[in-house]
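Each chain, letter by letter, is given below.
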Amino acid sequence: MTTNPASSGCTPQPACPTGHLTAPHAPLDHVFEMRFTSTPRGARLARRLAAHRLDAWGIPYGADAHDAIVVIVAELTANAVRHGHVPGRDFRLRLQVTAHPRTARIEVTDARAERLPPWPDALRLPDADDSGGRGLLLVAGLAARWGWHPRPDGPGKTVWAECEYTLPV
């Protein structure tokens, strides 16, 4: 699903140190947090940096867990840009991976409080002619749990999802 940037000829710049792994494919607890411009380019950069981070943390490109987490990041950041955009305000991505239990938590916070997503139990299938409304269905299908809550430090909301993962052998 995602491609390894090393194989595409580009060299991404990590936003913060990647930490040290004790053994190949043995992730420790890691956190990546960064603000991005509330634009399609910001959402794309967030997805690419999350993909790179996961690989550096021992969840490699091409692994089912890697691809699922990156799709969730892509959907939540795209929603933050499309539905949570406030001119002049960024969105924030927080990605946390824990080794015990093996869980990845994705949180995307935007600054728009009046456009709220449905609760997980209120998701509905869109009509065939609807041009949107499928992103959170993807999140619900890939994540073990997801939800949202009001932003605690200002106007807006945080949409989160948690994925349990296994590592390739």
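Please read these numbers as outputs of a predicted model, since none were measured by experiment.

Caption draft 1: Main features of the packing of aromatic side chains. Taken as a whole and assessed by the stated rule, the structure comprises two aromatic pairs. Between Phe 36 and Phe 91 the ring centres are 5.6 Å apart and the planes differ by 25°, which places this aromatic pair in the stacked class. You can see Phe 36 sitting in strand β1 (residues 30-36) and its partner Phe 91 sitting in strand β2 (residues 91-98), a full 55 residues away along the chain. For the pair formed by Phe 36 and Phe 91, the shared burial category is buried. Plain terms: the ring middles of Trp 119 and Trp 148 are 4.3 Å apart, the flat faces sit at 20° to each other, and that makes the pair stacked. Placement of the pair is Trp 119 in the loop between β3 (103-110) and α3 (135-142) and Trp 148 in strand β4 (residues 145-150), with a sequence separation of 29 residues. Residue Trp 119 is classed as partly exposed on the basis of its relative accessible area of 46%.

Caption draft 2: Spatial organisation of the side chain of Glu 107. With respect to the element layout, Glu 107 can be found in strand β3. Accessibility expressed as a relative area gives 17% for Glu 107, which makes it buried. One polar contact links Glu 107 to Arg 105, side chain to side chain, over a distance of 2.6 Å.

Caption draft 3: Structural detail: the pattern of salt bridges. Counted under the stated rule, the structure contains eleven salt bridges. Arg 112 serves as the salt-bridge partner of Glu 114, at 2.7 Å between the closest nitrogen and oxygen. For Glu 114, a relative accessible area of 57% puts it in the exposed group. The salt bridge involving Arg 151 is made with Asp 153; its shortest N-O contact spans 2.9 Å. Each of Glu 33, Arg 92, Arg 94, Arg 151 and Asp 153 takes part in a single network of salt bridges with overlapping partners.

Caption draft 4: Looking closely at the packing of helix α2 (residues 64-83) against α3. The interhelical angle for the contact between α2 and α3, taken along N-to-C directions, is 150°, at an axis separation of 9 Å. Considering the angle they form, α2 stands roughly antiparallel to α3. Judged by the sense of rotation from one axis to the other, the crossing of α2 with α3 is left-handed. Contacts between α2 and α3 pair Ala 68, Val 71, Ile 72, Glu 75, Leu 76 and Asn 79 from the former with Gly 135, Leu 136, Leu 138, Val 139 and Leu 142 from the latter. Taken together, the residues that form the contact of α2 with α3 break down as eight nonpolar, two polar and one charged.

So, how was this worked out
Residues numbered from 1 in each chain as written. Predicted model: local features only at pLDDT ≥ 70, side-chain atom pairs only at ≥ 80, totals over all residues. Heavy atoms only, no water. Phe/Tyr/Trp six-rings, centres within 6.5 Å; stacked < 30°, edge-to-face > 60°. Helix = DSSP H or I, 4+ residues; strand = E, 2+ residues; numbered from the N terminus. Buried < 20%, exposed > 50% of the residue type's maximum accessible area, 1.4 Å probe, protein only. Polar contact = N/O pair within 3.5 Å; in protein donor to acceptor, adjacent residues only side chain to side chain. Salt bridge = Lys/Arg side-chain N within 4 Å of Asp/Glu carboxyl O. Axes fitted to C-alpha atoms, helices over the stretch in contact; angles between N-to-C directions. Parallel < 35°, antiparallel > 145°, perpendicular 65-115°, else oblique. Left-handed = near helix turned anticlockwise from the far one by under 90°. Contact = heavy atoms within 4.5 Å. Nonpolar A, V, L, I, M, F, W, Y, C, P; charged D, E, K, R; others polar.

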